[in-house]
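# Chains, contacts and geometry: an overview
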Amino acid sequence: MREWSMSAESSPKIVIVDESPIRAAILEEGLREAGYTDVVHISEMQSLLARIYGLDPDIIVIDLENPSRDVLEQMFQVSRAVRRPIAMFVDQSDAASIQASVDAGVSAYIVDGLKKERIKPILDLCVSRFNAFSKLQDELDRTKHALEERKVIDRAKGILMKMKGLTEEEAYVLMRSTAMREKKKIGEIAQSILTASELLK
Amino acid sequence: MTGPLRIGFIPLVDAAALIVAVDKGFAATEGLDVTLVREVSWSNVRDKLNIGLFDAAHLLAPVAIASHLGLGHVKVPIAAPFNLGLNGNAITVSPALHAALMEEIDGDRFDPMATSRALSRVVAKRRKSGAEPLTFGMTFPFSTHNYQLRFWMAAGGVDPDEDVQLVVLPPPYMVDSLANGHVDAFCVGAPWNSIAVDLGIGHILHFVADILLSAVEKVLALRQSWSDKHPDVVAALLRAHLRAAEFIEEPENRPEVAHILAQPERIGVDASVIQRTLDGRLKIAPDGTMRESRRYLLVGREAAARPDPAQAAWLYAQMVRWGQAPFRPEALKAAMAVFRPDLYDAALGRSVGTPNPIGAFAGPAFDPNDVPGHLAAFKIGRWRP
């Protein structure tokens, strides 16, 4: 299967239209790993249609949050002398796929004539990579939040040490026991210490 | 009365009735629990309505008709029982094109025939000097903006497919594209024309009301199957929208309306720009020149909200004129059946007013009973009898 899809003749040309370079890289990597070698990423939305016509892809993948989806609608105009693409949402027989792609936030346009069984694995891959990107972003957000919380705790510790003459360890234990007693997070207690010290300045 | 409803919209001033119906509590008074979902493209709005992720949507009137006829995309029967707005678009041109047009103009600068002929002369001059053809931005292949631009320029002798380039641009990109010379002009709804003028990079050449007296713009679109199944919900939704439209049209409510629409999760632009649009009092040139028109945007005034099947027929005629659809009498009938004054009247319990004629500045008065005869009167177009 892998060898078959690697052959130049049968590896479809895939264009990724995405302004997020990280997400596009994740998707591109996934496609290449699966043997789809002919992948082009477009990140610049100006003259988008001219670039797509120039590349003449078999499949176009675009994120649903990209306003340029409307630009792609021009490809469906009858007078255009290019290969006619069809939109992914046209095949409503596969409701589960449509739901999965909307949830993941990805949409695809496929040149008419490409067989359904060849498109399905590509779309599934796009959906799973888009989901992987969302997960990564959530993790990044969480890490960022955790870092910020640590900064707040460190500053609150400093205030307690100075005002109450505590060691670092004692200051931390005091915040932790207060948090447990008040059923709050230690970050929240630290934030209240910072707020209070601002007010009392 | 019903489960929660999800309604998609694009952040434009003509989503006003929809947004005010929800944010001012008119929908809740009717027992409706509505969540508004802001979208980034008409394709998204159309697709999410089609596959049932939205129960209703703020939609370009021609997209509703194209969906119903299966033009360019999957065929999904649509019911449009409420006009969210009439008119509201404008044609904005770059300072360079504006200067070129004013140099060529022979007549009143607000007369679309005079500007269209001036455009024809500018186009001819550019061709002679070997300059690139002018590029015009519009929002969607099946859009009022596309047809209004084409109608205007063709009247003065410019063939929109041969003499200039028309390109689809998402509204948020319009202003940047005009600033960096990617397009020379565009036709778009509020607030984008005013934003270009405020930035000093555009002149509003025409309000759409100069070109067409009354032109349906956005409709509240429902899947026909859903609408048939939930007549009470539809009636409640329409009553809420009508109350919102009436509220918006009261001049003393305008500051409050502009404030509601300006919220970041709604339209997200300055309230003063929105109010100028609603009041029909627009700055049209970077030097501060103002222009007023009571017909700039109509939300519910003059029976504007009641769907008029003749408007649907006019839009279908434009699709035929520009080669997007073949002429078929049964397709014309189907297009007209998208617009549902019957649902509107049923919700209100009465029938109101007579619709204004379309009132185009060029060509014969539109007759929905003779679309081929009407189209035969226009020299430029892709359709031939």
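Cut-offs applied
- The residue numbers shown here count from 1 along each chain, following its written sequence.
- Chains and ligands are labelled by the order in which they are written, letters from A for the one and numbers from 1 for the other.
- Local features in a predicted model are, by the rule used here, given only for residues with pLDDT of at least 70; side-chain atom pairs are given and counted only at 80 or more, and totals for whole chains, interfaces and linings are based on all residues.
- UniProt positions are given in the numbering used here, feature names are shortened, and annotations may be inferred rather than shown by experiment.
- By definition, any uninterrupted DSSP run of H or I lasting at least four residues is a helix, any uninterrupted run of E lasting at least two residues is a strand, and each is numbered from the N terminus.
- Within these notes, the globule rule equals 2.2 Å times the number of residues to the 0.38 power, and the radius of gyration is based on C-alpha atoms.
- To sort residues by exposure, count the other C-beta atoms lying within 10 Å of each residue's C-beta; 20 or more gives buried, 12 or fewer gives exposed, and values between give partly exposed, all with C-beta atoms placed from the backbone.
- Residues are scored as being in contact if the C-beta atoms we place from backbone atoms lie within 7 Å.
- Pairing between strands requires that DSSP locate at least two bridges from one strand to the other.
- The axes are straight lines fitted to the C-alpha atoms, using for helices just the contacting stretch, and the angles between their N-to-C directions are given from 0 to 180°.
- Between 65 and 115 degrees an angle is taken as roughly perpendicular, under 35 as roughly parallel, over 145 as roughly antiparallel, and anywhere else as oblique.
- We call Asp, Glu, Lys and Arg charged. Ala, Val, Leu, Ile, Met, Phe, Trp, Tyr, Cys and Pro are nonpolar, and the rest, Gly among them, are polar.

An unreviewed UniProt entry lists chain B under the name Nitrate transporter, from Bradyrhizobium macuxiense. Under the UniProt heading Subcellular location (unreviewed entry), the note attached to chain B is "Endomembrane system".

For the rest of this paragraph, the subject is the overall build of chain B. Within chain B, the regular secondary structure consists of 18 helices and 13 strands. Taken against the 2.2 N^0.38 rule, which gives 21 Å for 385 residues, the C-alpha radius of gyration of chain B at 20 Å falls within 12% of a compact globule. Viewed in the frame of its principal axes, chain B has a C-alpha envelope of about 65 × 45 × 35 Å. Within chain B, buried positions represent 56% of all 385 residues. For chain B, the proportion of contacts with a sequence separation of at least 24, taken over those separated by at least 6, is 76%.

Assigned secondary structure in chain A consists of 8 helices and 5 strands. Traced from its N-terminal end to its C-terminal end, chain A shows the element sequence α-β-α-β-α-β-α-β-α-β-α-α-α. Taking the intrachain contacts of chain A between residues at least 6 apart in sequence as the baseline, contacts between residues at least 24 apart amount to 63%.

What follows concerns the pairing of strand β3 (residues 56-60) of chain B. Along any regular strand, the residues point their side chains to alternate faces of the sheet. All names here are of chain B. Most of β3 is tucked away: 5 of the 5 residues are buried. Burial along β3 is two-sided: Ala-56, His-58 and Leu-60 facing one way and Ala-57 and Leu-59 facing the other are all buried. Bridge analysis of strand β1 (residues 5-9) against β3 gives 2 bridges, and the strand direction is parallel. The partner of Gly-8 across the bridge, within β3, is Ala-57. Here β3 pairs with strand β10 (residues 216-223) via 5 bridges, running antiparallel. When the sheet's bridge partners are listed, Ala-56 is paired in β10 with Leu-222.

All names here are of chain B. Strand order in the open sheet formed by 5 strands is β7-β6-β8-β5-β9, with mixed pairing between adjacent strands. Whereas interior strands pair on both sides, the edge strands pair on one side only; in this sheet they are β7 (165-168) and β9 (203-207). In this sheet, adjacent strand axes meet at a mean angle of 25 degrees when their direction is disregarded. Here strand β6 (residues 135-138) pairs with strand β8 (residues 185-189) via 2 bridges, running parallel. By the bridge assignment for β8, Gly-137 is matched with Phe-186. Relative to the sheet, helix α8 (residues 171-179) contacts β5 (89-93), β6 and β8, its axis offset from that of β8 by approximately 155 degrees.

Here the focus is the packing of helix α6 (residues 112-129) of chain B against helix α7 (residues 144-155) of chain B. Residues and elements named next belong to chain B. Packing of α6 against α7 brings their axes to within 7 Å, and their N-to-C directions diverge by 75 degrees. When the axes of α6 and α7 are compared, the pair comes out roughly perpendicular. For the pair formed by α6 and α7, the contact residues are Pro-112, Met-113, Ser-116 and Leu-119 on the first element and Trp-152, Met-153 and Ala-155 on the second. Among the residues forming the contact of α6 with α7, the class breakdown is 6 nonpolar, 1 polar and no charged.

Residues and elements named next belong to chain B. The buried fraction of helix α3 (residues 42-50) amounts to 8 of the 9 residues, a majority that puts the element mostly inside the structure. All buried positions along α3 are accounted for by Trp-42, Ser-43, Asn-44, Val-45, Arg-46, Asp-47, Leu-49 and Asn-50. Just downstream of α3 lies Gly-52, where phi reads positive at about 90 degrees.

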